[in-house]
Amino acid sequence: MKYFLAFLIGTCFGSFANVCIYRLPRNKSIIFPGSFCPKCRHSIPWYYNIPILSYIILRGRCHYCKKVISPRYPVIEFTMGLLTLLLYQKFWVANFPCVFLFYFIFTLGLVIISGIDFETFLVPDVIVLPLIPLGLIGALLCENFFFPQSGNWYMAIRALYSVTGIFTGALLVAFLAIIGKIIWKREAMGGGDLKLLAAIGAFLGWKGVFLSIFFGSILGTIISLMLIYSKKKKWDDYVPFGPYLAIGAIVAMLYKGSYFLSLYFIP
Ligand SMILES: [Zn+2]
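Model, not experiment: these values are computed from the prediction. (Residues numbered from 1 in each chain as written. Predicted model: local features only at pLDDT ≥ 70, side-chain atom pairs only at ≥ 80, totals over all residues.)

K.L.:
Tell me about the overall build of the protein, residues and numbers included.
P.N.:
Secondary structure assignment for the protein yields 8 helices and 0 strands. Secondary structure elements in the protein, listed N-terminal to C-terminal, are α-α-α-α-α-α-α-α. Taken over 267 residues, the protein has a buried fraction of 38%. When contacts within the protein are restricted to residue pairs at least 6 apart in sequence, those whose partners lie at least 24 apart make up 70%. (Helix = DSSP H or I, 4+ residues; strand = E, 2+ residues; numbered from the N terminus. Buried ≥ 20, exposed ≤ 12 C-beta atoms within 10 Å, placed from the backbone. Contact = placed C-beta atoms within 7 Å.)

K.L.:
I'd like to hear about helix α4 (residues 98-120), residue by residue, with values.
P.N.:
Its 23 residues place the ends of α4 33 Å apart at the C-alpha level, agreeing with the 33 Å of an ideal helix rising 1.5 Å per residue. A positive backbone phi angle near 65° is found at phenylalanine 121, which sits one or two residues after α4. (Expected span 1.5 Å × (residues − 1).)

K.L.:
Kindly report on the packing of α4 against helix α5 (residues 125-141), identifying the contributing residues and their values.
P.N.:
Their axes nearest at 11 Å, the elements α4 and α5 cross at an angle of 165°. In terms of orientation, α4 lies roughly antiparallel with respect to α5. Two packed elements cross with a definite hand, and for α4 against α5 that hand is left-handed. Residues Cys98, Phe102, Ile105, Phe106, Gly109, Ile112 and Ile113 of α4 lie in contact with α5, whose contacting residues are Ile127, Val128, Leu131, Leu134, Gly138 and Leu141. In the contact of α4 with α5, the residues fall into 11 nonpolar, 2 polar and no charged. (Axes fitted to C-alpha atoms, helices over the stretch in contact; angles between N-to-C directions. Parallel < 35°, antiparallel > 145°, perpendicular 65-115°, else oblique. Left-handed = near helix turned anticlockwise from the far one by under 90°. Nonpolar A, V, L, I, M, F, W, Y, C, P; charged D, E, K, R; others polar.)

K.L.:
Requested: an account of helix α7 (residues 191-229), with residues and values cited.
P.N.:
The first and last C-alpha atoms of α7 sit only 29 Å apart over 39 residues, clearly below the 57 Å expected at 1.5 Å per residue. Approximately 125° is the largest bend angle found in α7, and it occurs at leucine 204. One or two positions beyond α7, positive phi appears at lysine 231, with a value near 60°. (Bend = angle between axes of the 7 residues up to and from the residue.)

K.L.:
Lay out the nonpolar core with the relevant residues and their values.
P.N.:
Counting residues in each nonpolar core, the largest one holds 55 residues, and the members touching the most others are Ala17, Ile112, Ile113, Leu197, Ala199, Ile200 and Ala249. Per-element tally for this core: the top contributor is α7, with 13 residues. Residue contributions to this core reach at least three from each of two domains, namely domain 1 (1-92) and domain 2 (96-267). (Core = buried A, V, L, I, M, F, W, Y, C linked by C-beta atoms within 7 Å. Domains from an automatic or database assignment.)

Shown next, in the form of structure tokens:
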């Protein structure tokens, strides 16, 4: 029951993520007006706006103009629901939701960034930049529970770990960008990836940065090869790396736990 509730709440945040993915790149307010159909501009009442279910009931079409609704909507809603469930299972500690909350915000940010990068090839500053100090704040705030015996000393180590993560992420992308320019003579990675990996480092530490790149590269290679094989893309088409990095970070977070738990302290 608790897991089901976590999933449901997650799908609602997925719905919010969809609003951000559509409106942020178009410079529209994410609060006002309420949901509307991008084709016929008809506002969507709440009963046609229930995550996942409405898409199924409406058979993927706008109720008013019958325009096809992008499958991105239910996919993001379901993904966010599933991730919330997994985060709840892994990071929720009774009376101490701090770690869960920070990783939930991190995950929501990554999902929004992926969606926008996937469609526009841009990583939105308004989402990625606040994540960097937020990861550091998390490192400072969420400590005493897991190491009750720890004092300021452990807090300092955790903060240091977060800061080294930020720099590892940023420097690594800068390094790869230079290598890419020399070898392939084109932009392999951009400033958006740099900020994104700095944010990942703030939350997951420097080991998390390497894990995210590792998982992200494997996934990126597999999907790119599949797209090339199915002739949907050519060898030299531009592929945004941001969504793969974000998925890599989510896998790293769930696989290894947070730096609060295992990346640093438990080998
Ligand atoms: Zn419509």
